[in-house]
Amino acid sequence: MSGVELLGFAAAFLTTVCWLPQAFRTIRTKDTKSLSLFAQSIFTLGVGLWLVYGILVGSMPIILSNGVNFILVGLILALKVRYG
């Protein structure tokens, strides 16, 4: 594994872990009033596109981080749609 790939995995880990507290809090409380539906929608779409990009270029750090992030931010988006 190259240094560049290790850097990618480190970045992937940090940007994925940062969403865990928000996802857990949103799941636990169902409180989404302070979240912007527009911003959450655009962000979820962006993460989905990064996931597709990662798959197309075969970058495991991009695939793994954006796969997990897509699930987390998609779940937050779904809760926002459901609970407002």
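Residues numbered from 1 in each chain as written. Predicted model: local features only at pLDDT ≥ 70, side-chain atom pairs only at ≥ 80, totals over all residues. Heavy atoms only, no water.

## Observations regarding the overall build of the protein
Phase 1 of the analysis: Tallying secondary structure elements over the protein gives four helices and zero strands in all.
Phase 2 of the analysis: Dimensions of the protein along its principal axes, counting C-alpha atoms only, are 45 × 20 × 15 Å.
Phase 3 of the analysis: When the 84 residues of the protein are sorted by exposure, 29% land in the buried category.
Phase 4 of the analysis: Counted over contacts in the protein with a minimum sequence separation of 6, partners at least 24 positions apart contribute 73%.
Phase 5 of the analysis: Total accessible area on the protein stands at roughly 5,500 Å², and carbon and sulfur atoms take up 75% of it. (Helix = DSSP H or I, 4+ residues; strand = E, 2+ residues; numbered from the N terminus. Buried < 20%, exposed > 50% of the residue type's maximum accessible area, 1.4 Å probe, protein only. Contact = heavy atoms within 4.5 Å. Areas by Shrake-Rupley, 256 points an atom, 1.4 Å probe, with all protein chains shown as cover.)

## As for helix α3 (residues 37–57)
Phase 1 of the analysis: With 21 residues, α3 should cover 30 Å at 1.5 Å per step; its first-to-last C-alpha distance of 30 Å lies within 8% of that length.
Phase 2 of the analysis: Buried within α3 we find Gln40, Thr44, Val47, Gly48, Leu51 and Gly54. Buried residues in α3, looked at end-on, bunch into an arc of 120°, giving them a common side. Residues of α3 that are exposed and point over 90 degrees away from its buried face: Phe38, Leu45, Leu49 and Leu56.
Phase 3 of the analysis: Residues of α3 that are buried sit in contact with α4 (60–83). (Expected span 1.5 Å × (residues − 1). Arc of directions from axis to C-beta.)

## Quick word on the layout of surface pockets
Phase 1 of the analysis: Approximately 230 Å³ is the volume found for the largest pocket.
Phase 2 of the analysis: Lining the largest pocket are 14 residues; nearest its centre among them are Ala11, Ala12, Thr15, Ser65 and Asn66.
Phase 3 of the analysis: Listed by contribution, the elements that provide at least two residues to the lining of the largest pocket are α1 (3–17), α3 and α4.
Phase 4 of the analysis: Here the lining of the largest pocket gets five residues from one element, more than from any other, and that element is α4.
Phase 5 of the analysis: For the lining of the largest pocket, the residue count by class is eight nonpolar, six polar and no charged. (1 Å grid on protein atoms, 1.4 Å probe; cavity = no way out; pocket = protein on both sides within 12 Å on 5 of 7 lines; lining within 4 Å. Points joined across faces, edges and corners; volume = space filled by probe spheres on them. Nonpolar A, V, L, I, M, F, W, Y, C, P; charged D, E, K, R; others polar.)

## Overview of a nonpolar patch on the surface
Phase 1 of the analysis: Together, Trp50, Val52, Tyr53, Leu56 and Val57 line one region of the surface with nonpolar side chains, adding up to about 550 Å² of accessible area.
Phase 2 of the analysis: Checked against the element boundaries, leucine 56 lands in helix α3. (Patch = residues over 30% accessible without salt bridge, like charges linked within 9 Å, V, L, I, M, F, W, Y side chains within 5 Å. Salt bridge = Lys/Arg side-chain N within 4 Å of Asp/Glu carboxyl O.)

## Details of the pattern of salt bridges
A side chain with one charge may pair with a side chain of the opposite charge, provided their charged atoms come close.
Phase 1 of the analysis: Scanning all chains against the criterion turns up one salt bridge.
Phase 2 of the analysis: Of the charged contacts in the structure, one is a salt bridge between arginine 25 and aspartate 31, with a shortest N-O distance of 3.7 Å.
Phase 3 of the analysis: Here aspartate 31 falls in the partly exposed class, since its relative accessible area comes to 28%.

## Some thoughts on the UniProt feature "transmembrane region" (unreviewed entry) in the protein
Phase 1 of the analysis: The positions UniProt marks with the feature "transmembrane region" (unreviewed entry) are residues 6–24, 36–56 and 62–79.
Phase 2 of the analysis: Secondary structure across residues 36–56 divides into 95% helix and 0% strand, with the first and last C-alpha atoms of the span separated by 30 Å. (UniProt positions renumbered as here; feature names shortened; annotations may be inferred.)

## Regarding the environment of alanine 12
Phase 1 of the analysis: Along the chain, alanine 12 falls in helix α1.
Phase 2 of the analysis: Look at alanine 12 and you get buried, because its relative accessible area is 10%.
Phase 3 of the analysis: Put simply, alanine 12 and proline 61 are 49 residues apart on the chain and 5.9 Å apart in space, counted from C-alpha to C-alpha.

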